[in-house]
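# Architecture and fold: a report
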Amino acid sequence: MANALGVYICSGCSIGDAIDTGKLAKVATSEYKVPRCQVHPFLCGPEGRRLIEKDLAEGAVDSVVVAACSPRVKTDAFAFDPRMVLDRVNLREHVVWCQPPNHEDTQMMAEDYLRMGIVKAQKSEALDTVLDDLSKRLLVVGGGIAGMTAALEAANAGYEVVLVEKARALGGFVASLEKRFPTSAPYEDLATDGTAAMIQAVMYHPRIRVLTSARILKTDGQPGMFDVTLAAETGELTTRVGAVVLATGWKPYDPTRLAHLGYGLSPDVITNVELEQMVAAGPIARKSDGRPVQSVLFVQCAGSRDKDHLAYCSSVCCMASLKHAAYVHEQNPDAAVYIIYKDMRTPGQYERFYRKAQDHPLNFLTKGEVTGVEPAADGRLSVRVKDSLLGDQIAIGVDLVVLAAGMVPNAADGVAIRAVNDARATLTRGEATEPQKADARKKIDELAHHEGTEILNLTYRQGPDLPAFRYGFPDSHFVCFPYETRRTGIFAAGTVRAPMDAAHAGEDAAGAALKAIQSVELASLGAAVHPRAGDLSFPIFFLQRCTQCKRCTEECPFGTLDEDVKGTPQLNPYRCRRCGICMGACPERIISFKNYSVEIIASMVKAIEVPEEDEEKPRVLVFMCENDAYPALDVAGLNRVHYDPSVRVIPLRCLGSLNIVWIADALSSGIDGVMLVGCKYGDDYQCHFMQGSELADRRLENVKETLQRLQLESGRIQLTQLAINEYDKLPALIDGFMARIRELGPNPYKGL
Ligand code: SF4
Ligand code: SF4
C-alpha cells in the first residue's frame, strides 16, 4: 500500500475559477488525512513539477495524486518513476470544462473524483521491475517480399534476425513474376527488376541468418524468450528469439470452387496465377490444342467480393489483369482483350497504368457480370456477360478465359486447428456417443477450409497457431493495430495480414518490423505493448483459492495463460497485455494487479458520496473503457459540451475486466444506476482487447439475478457501445440514461 500520499491540485486551465480548490484540498487533508496536499496554479509547468519532485526526493511522499487535466494529456510533465503509485484525477476535461462554474453540483463532482483518486492511490502498491535476460533477436517467417523487407529493416536497425523460408530459395511469389506492376514514374510501364538484389542483400547481411527448406516444429515460451525448434537442411536446431514477424504470404483461392465461371469445363479456362506461370514458361497458348491465342477474356473478382466465396476484395487482381493484358499484347499485338469487371480498383499511381490500358485500341473493358462460360461450336469458348453499361446480355467468343482469382492468407487458424483436433479425438474415443460423433464430423466438415497446416506450432494452451479473424486473416484490430496478432510479440505482415500488392507488402513489413522491435524493447523493460504500452503491472494470482474453473485461461484474448495438469493457470507474463479480462472472468476474484484490482475499484465505488433521497440528486456510476469511451468524454469536455452532473466515471482498462460485484456493490450502496460504455463489438469490433465489451455484455446476464434479488428494475443498468469519434453522442447518451433513472425514481437502498 502507498504509505505517504501527496495530493497536488492544479488551479490552472480555469479549474480554480470553476471550483473551490481550497475545499477540494480539505477533502484530502480532513477526510483522508493525506500528509501532503498542495494547490498550484500551473502544475504541469516546471515549477509545479519541481514541487512534486522535491517532495518525492525528500521522502515526504512516496505516491502521488495529480488532480488536474486528463491522464491522457501532459504525460511527459507528470512522468515520474513508472513503478511509483500515481493517479491522475481528471478535473479539467471531466468536470470544469463540461459543467457550470461555481455550482454546487460541479463542486460535488470534483470532490467525488478526488475521493476516488485518493482511495485508488492508497490501495495501490508500487510496481516491481521484472528483469529477465531476454532476447532481442527477431524471427521472420517467410522469405518473400514482406519477409525479406522485415528482415532487412530490422537488421539495418541493428537487430539480429533469423529468417525461415519453407522453399529452397528466397523470393516468394514475386520472384516468379515475369514483370511487376509499375514501380516508378510515370507509372505506365511494367517493372522488370525482380527480387534478385534484395535476395542478395538478405543472404549476405551480417545480422541475418537465412534458413531455407526449413519449417518450425515448435514455438515455446513468450516474448523475449520464444524458443523455436526448427527443422532445416542442416538438421534440427533451437534458437531463442524475442519476437516473430509472420510473413507467410498468400495462396490463390481454390479455382475448383469457381466452376460457375467455367473452371474445370475446359483447359482453356485458367487462373491469373496459371497465366503468369504460362508466361514464365513460354508463349501464351491454349492449353487444349497449343494454338496461340487471338482473344482473351479476363473475369474480374473471380471468387472475390462474393459472399459465397471470398467476401473481400483481393486488392491486386485488377492490376494483375491489366498487366496480363499487356503480356498478351507483347506476344500478339493483334489479340483482342476483354476485361469484365465489377469495378476496376487501381489505387494511387496505378491509375496511370489503367489509363494506358484503356487507351489500347484492342482492350475492351466493361462493367458487367459473367453469367456463364460454355464451349462454342468453333472450339473456342463463349462467355455470356450481363453488361451493366449496355444494359444487355452479350456473348463473347474467345480463345482463352482467365479468372482473376483472389488471395487467401497463408495462415493457420489455431482455433480451427484445435477444434478439428478435438473433434478428431472425439471420433476415436471409444466412449463417445453417436450424437457426439455426428457433431464432431460436422465440425471437421465446417472447418475443413480453415484448417491449414500449422506454421508456428505454438505450445500455447489456446492452440498451435494464431487465431484467425474474419476470413482467416490473423490480425487483432483492424483499425488501431494493423500488425498485432492475438498472440503478443507475434506480428503479421504483408498478404498474410490483408490482401495487398508487393509494394504495399514491403511497406507493411517495415511497419511490422518496427512493431517487433518495439515489442522486444518493451519486454526487456518488463513493460506491456499496445495499447497499454509501458505498463509495468502484471496480474497476480492468489492460487490457493483457485478452483481450476479455467475461465481465465479461456477468456484471455492473448493466450497468456497455460495450465498445469490440474488446470491451474500458469502465467507467461511477457505475453500479457494487462487488460484485466482474466480479473473480470475469475469468479473467485483471486486475480489482481498491484494498481488495479476488484478491491481497488470497489473502494472507488464506495468513495462516491451518495446524497440522501430527499436531496433529489441521483448518482449514477459509469464504467468507461479507457481506450475509446474515456477519451471520447475528454473530447466532449474539450468542446465544452455539458452533460448531467450526477454521473461519476470510473475508467476501466477494458470493459472485459468488469467484475459484476462492482455493480452489486454500487446498487446496494444506493447508487441509482450503472452505465457501461465500451468499444463496439461484433464483426467490425473496435475493442482494443478483441472481445472485452462483448464479454462484459455476457457477464451482465448474471447481474439480472442480482437485480432480481435486490428487487430493482433492469433499466438501472445499461451497456452502450461507442466509437472514439462518437464523442458528440456521448453527452446525449448520458443524459438519456439519467432521464430514465429519474423516471424510475431513487434507488430504494439509498441511505440504508
Ligand atoms: S491481463 Fe489480459 S492479457 Fe494478461 S493474462 Fe489477464 S486476460 Fe490475459
Ligand atoms: S478464473 Fe480464477 S478460479 Fe478459475 S482457473 Fe482462473 S484463477 Fe482459477
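The rules behind the values
Residues numbered from 1 in each chain as written. Chains lettered and ligands numbered in written order. Predicted model: local features only at pLDDT ≥ 70, side-chain atom pairs only at ≥ 80, totals over all residues. Heavy atoms only, no water. Near = heavy atom within 4 Å. Nonpolar A, V, L, I, M, F, W, Y, C, P; charged D, E, K, R; others polar. Buried < 20%, exposed > 50% of the residue type's maximum accessible area, 1.4 Å probe, protein only. Helix = DSSP H or I, 4+ residues; strand = E, 2+ residues; numbered from the N terminus. Pairing = 2+ DSSP bridges. Right-handed = clockwise from strand over helix to strand, strands pointing away. Core = buried A, V, L, I, M, F, W, Y, C linked by side-chain atoms within 4.5 Å. Contact = heavy atoms within 4.5 Å. Axes fitted to C-alpha atoms, helices over the stretch in contact; angles between N-to-C directions. Polar contact = N/O pair within 3.5 Å; in protein donor to acceptor, adjacent residues only side chain to side chain. Phe/Tyr/Trp six-rings, centres within 6.5 Å; stacked < 30°, edge-to-face > 60°. Lys NZ or Arg CZ within 6 Å of the ring centre and 35° of its normal. Parallel < 35°, antiparallel > 145°, perpendicular 65-115°, else oblique. Left-handed = near helix turned anticlockwise from the far one by under 90°. Patch = residues over 30% accessible without salt bridge, like charges linked within 9 Å, V, L, I, M, F, W, Y side chains within 5 Å. Areas by Shrake-Rupley, 256 points an atom, 1.4 Å probe, with all protein chains shown as cover. Salt bridge = Lys/Arg side-chain N within 4 Å of Asp/Glu carboxyl O. Lys, Arg positive; Asp, Glu negative; His and termini not counted. Charge placed at Lys NZ, Arg CZ, Asp CG, Glu CD.

## Structural notes on the site of ligand 2
Taken together, Cys546, Thr547, Gln548, Cys549, Lys550, Cys552, Pro569, Cys586, Pro587, Glu588, Ile590 and Ile591 form the complete shell of residues around ligand 2. Taken together, the residues that form the shell around ligand 2 break down as 8 nonpolar, 2 polar and 2 charged.

## Observations concerning the pairing of strand β14 (residues 295-302)
For β14, a buried count of 8 out of 8 residues is recorded, marking the element as mostly surrounded by other parts of the structure. Of the pairings in the sheet, the one linking β14 to strand β15 (residues 336-341) comprises 5 bridges and is parallel in character. By the bridge assignment, serine 295 is partnered in β15 with alanine 336. Note that the unit made of β14, helix α10 (residues 317-331) and β15 has a crossover that is right-handed. Of the strand pairs in this sheet, β14 and strand β19 (residues 400-405) are connected by 5 bridges, and their pairing is parallel. If you follow valine 299 over to β19, its bridge partner there is leucine 403.

## Some points on the nonpolar core
The biggest cluster of nonpolar side chains holds 100 residues, and the ones touching the most others in it are Leu91, Leu114, Phe623, Trp662 and Ile663. A per-element tally of this core places helix α5 (residues 104-123) first, with 8 residues. Setting aside its immediate chain neighbours within four residues, phenylalanine 623 contacts Ile601, Val605, Ile650, Leu652, Leu655, Leu658, Trp662, Ile663, Val674, Met675, Leu676 and Val677.

## Here we look at the sheet that holds strand β13 (residues 269-271)
As summarised here, the arrangement of the 7 strands in space is β13-β19-β14-β15-β16-β17-β18, forming an open sheet in which the pairing is mixed. In this open sheet, the two edge strands, each paired with only one partner strand, are β13 and β18 (392-398). Mean inter-strand twist for the sheet, computed between neighbouring axes without regard to direction, equals 40°. Note that β13 and β19 share 3 bridges and pair parallel. Looking across to β19, one finds that threonine 271 is bridged to leucine 403.

## Focus: the environment of lysine 367
With respect to the element layout, lysine 367 can be found in strand β16 (residues 363-375). Measuring from C-alpha to C-alpha, the distance between lysine 367 and lysine 342 comes to 5.5 Å, with 25 residues separating the pair along the chain. Contact partners of lysine 367, with chain neighbours within four places excluded, come to Tyr341, Lys342, Asp343, Asp387, Ser388 and Leu389. A distance of 2.4 Å separates the side chain of lysine 367 from the backbone oxygen of lysine 342, its partner in a polar contact.

## Things to note about the side chain of threonine 271
Tracing the backbone shows threonine 271 in strand β13. Ignoring anything within four residues of it in the chain, the contact list for threonine 271 reads Pro255, Tyr263, Val402 and Leu403.

## Let's talk about the sheet that holds strand β6 (residues 161-164)
Reading across the sheet, the 5 strands line up as β7-β6-β5-β11-β21 and stay open at both edges, with parallel pairing between neighbours. In this open sheet, the two edge strands, each paired with only one partner strand, are β7 (208-211) and β21 (490-492). Going from strand to strand, the sheet's axes swing by 20° on average, the running direction of each strand aside. Relative to β21, strand β11 (residues 243-246) runs parallel, the two sharing 3 bridges. Among the inter-strand pairings, valine 245 is bridged to a residue of β21, identified as phenylalanine 491. With respect to the sheet, helix α6 (residues 145-156) is in contact with β5 (138-141), β6, β7 and β11, its orientation differing from that of β6 by roughly 170°.

## A word on the packing of aromatic side chains
Counted under the stated rule, the structure contains 9 aromatic pairs. Relative to tyrosine 471, the ring of tyrosine 312 has its centre 5.4 Å away and its plane inclined at 55°; by these criteria the two rings are tilted. Placement of the pair is tyrosine 312 in the loop between β14 and α10 and tyrosine 471 in the loop between α13 (434-446) and β21, with a sequence separation of 159 residues. Residue classification places tyrosine 312 among the buried residues on the basis of a relative accessible area of 10%. Residue tyrosine 471 is classed as partly exposed on the basis of its relative accessible area, which comes to 39%. Here phenylalanine 538 and tyrosine 574 contribute two aromatic rings whose centre-to-centre distance is 6.5 Å and whose plane-to-plane angle is 80°, an arrangement assigned as edge-to-face. Placement of phenylalanine 538 in the loop between α14 (502-524) and β22 (540-541) and of tyrosine 574 in the loop between β24 (569-571) and α16 (581-585) is noted, with a sequence separation of 36 residues between them. Tyrosine 574 carries the same exposure label as phenylalanine 538, and that label is buried. Each member of the aromatic cluster is reached from another via a ring pair, and the members are Tyr312, Tyr471 and Phe473. Above the ring of tyrosine 460, the side-chain terminus of arginine 575 is found at 3.4 Å from the ring centroid. Geometry around phenylalanine 593 places arginine 653 over its ring, the cationic atom sitting 4.4 Å from the centre.

## Looking at the packing of α6 against α14
In the contact formed by α6 and α14, the axes pass within 8 Å of each other and the chain directions differ by 40°. Taken together, the axis directions place α6 and α14 in an arrangement best described as oblique. Judged by the twist between their axes, the crossing of α6 over α14 is right-handed. Two secondary-structure elements touch here, α6 through Ile145, Ala146, Thr149, Ala150, Glu153 and Ala154 and α14 through Ala502, Ala505, Gly506, Ala509, Ala510, Ala513 and Ile517. Across the contact of α6 with α14, the residue classes tally to 10 nonpolar, 2 polar and 1 charged.

## Side note on a negative patch on the surface
Negative charge collects at one region of the surface, where Glu612, Glu613, Asp614, Glu615 and Glu616 lie side by side. Take aspartate 614: it is sitting in the loop between α17 (598-607) and β26 (620-625).

## Comments concerning the packing of α5 against α17
Two numbers describe how α5 lies on α17: the axes approach to 8 Å, and their chain directions differ by 150°. One way to sum up the angle between α5 and α17 is to call them roughly antiparallel. The element α5 and its partner α17 pack so that their crossing is right-handed. Of α17, the residues touching α5 (which contributes Asp112, Arg115, Met116, Val119, Lys120 and Lys123) are Glu599, Ile600, Ser603, Met604 and Ala607. Taken together, the residues of the contact of α5 with α17 break down into 5 nonpolar, 1 polar and 5 charged.

## Concerning the side chain of histidine 329
Relative to the helices and strands, histidine 329 resides in helix α10. For histidine 329, the contacting residues outside a window of four places in its chain are Ala335, Val337, His360, Leu362 and Asn363.

## Regarding the pattern of salt bridges
Pairs can form between side chains of opposite charge once their charged atoms are near each other. A complete count under the given rule lists 47 salt bridges for this structure. Put simply, arginine 461 and glutamate 563 hold a salt bridge, and the shortest N to O gap is 2.8 Å. Of this pair, arginine 461 sits in the loop between α13 and β21 while glutamate 563 sits in strand β23 (residues 561-563), and the two are 102 residues apart along the sequence. Using a relative accessible area of 21% as the deciding quantity, one classes glutamate 563 as partly exposed. Here the salt bridges do not stand alone but share partners, grouping Glu31, Glu111, Asp112, Arg115, Glu609, Arg619 and Arg648 into one network.

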